[in-house]
Amino acid sequence: MKDEILKNKEKIHTTELGIKRVKKNLLLKTDDVVMYCIKLIENENSVVVKKGKNYYINYDNIEITLNASSFTIITAHIKS
């Protein structure tokens, strides 16, 4: 599944609201949340699981939710 995402990484995007949500949830300073998320997905220690229509990418204590058909970053959270 990770290979499928990486083959389509040029399609990964998010909305304006998605940018705000991810920045807030991950306490990011950068405006390029898409590149930030791609780098986490590319990390050899990230784990991808597909549930229904979404991919869930876990790295360290971060989980990114990515729509499997549109490659839209829905949200990201810090897991406790």
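Note: the structure precedes this text.
Quick look at the structure, then. Keep in mind it's a predicted model, so treat the numbers as computed, not measured.

Now for the overall build of the chain. When its secondary structure is counted, the chain shows three helices and four strands. Here the chain has a C-alpha radius of gyration of 11 Å; the compact-globule value for 80 residues is 12 Å, and the two agree. Based on the C-alpha atoms only, the size of the chain along its principal axes is roughly 30 × 25 × 20 Å. In the chain, which comprises 80 residues, the share counted as buried stands at 41%. Here the contacts in the chain between residues at least 6 apart in sequence split such that 43% fall between residues at least 24 apart. A total of about 5000 Å² of accessible surface is found on the chain, and carbon and sulfur atoms cover 52% of it.

The next subject is the packing of aromatic side chains. Inspection of every chain in the model, using the stated rule, returns zero aromatic pairs. Between the NZ or CZ atom of K51 and the centre of the ring of Y56, over which it lies, the distance is 5.5 Å.

Sheet strands line up and pair through hydrogen bonds in the backbone, either parallel or antiparallel. Strand order in the open sheet formed by four strands is β1-β2-β3-β4, and the pairing between neighbours is antiparallel. Two strands close off the open sheet at either side, each with one partner strand: β1 (47-51) and β4 (73-78). The mean angle between the axes of side-by-side strands here comes to 20°, regardless of whether they run parallel or antiparallel. Here β1 pairs with strand β2 (residues 54-59) via five bridges, running antiparallel. Paired with K50 across the strands is Y55, a residue of β2. Along the sheet face, helix α2 (residues 16-26) touches β3 (62-67) and β4 and points at about 10° away from the line of β4.

With respect to the element layout, H13 can be found in the loop between α1 (2-7) and α2. Here the alpha-carbon distance between H13 and N45, two residues 32 residues apart in the chain, equals 22 Å. If we skip the residues at most four places from it in the chain, H13 touches V34, S70, F71, T72 and I73. A polar side-chain atom of H13 sits 2.8 Å from the main-chain carbonyl oxygen of K11. Here the side chain of H13 touches T72 through a polar contact of 2.9 Å, side chain to side chain.

About the cut-offs
- Residues numbered from 1 in each chain as written.
- Predicted model: local features only at pLDDT ≥ 70, side-chain atom pairs only at ≥ 80, totals over all residues.
- Heavy atoms only, no water.
- Helix = DSSP H or I, 4+ residues; strand = E, 2+ residues; numbered from the N terminus.
- Rg over C-alpha atoms; globule rule 2.2 N^0.38 Å.
- Buried < 20%, exposed > 50% of the residue type's maximum accessible area, 1.4 Å probe, protein only.
- Contact = heavy atoms within 4.5 Å.
- Areas by Shrake-Rupley, 256 points an atom, 1.4 Å probe, with all protein chains shown as cover.
- Phe/Tyr/Trp six-rings, centres within 6.5 Å; stacked < 30°, edge-to-face > 60°.
- Lys NZ or Arg CZ within 6 Å of the ring centre and 35° of its normal.
- Pairing = 2+ DSSP bridges.
- Axes fitted to C-alpha atoms, helices over the stretch in contact; angles between N-to-C directions.
- Polar contact = N/O pair within 3.5 Å; in protein donor to acceptor, adjacent residues only side chain to side chain.

From the geometry alone we can't say anything about function, so treat these as descriptive.
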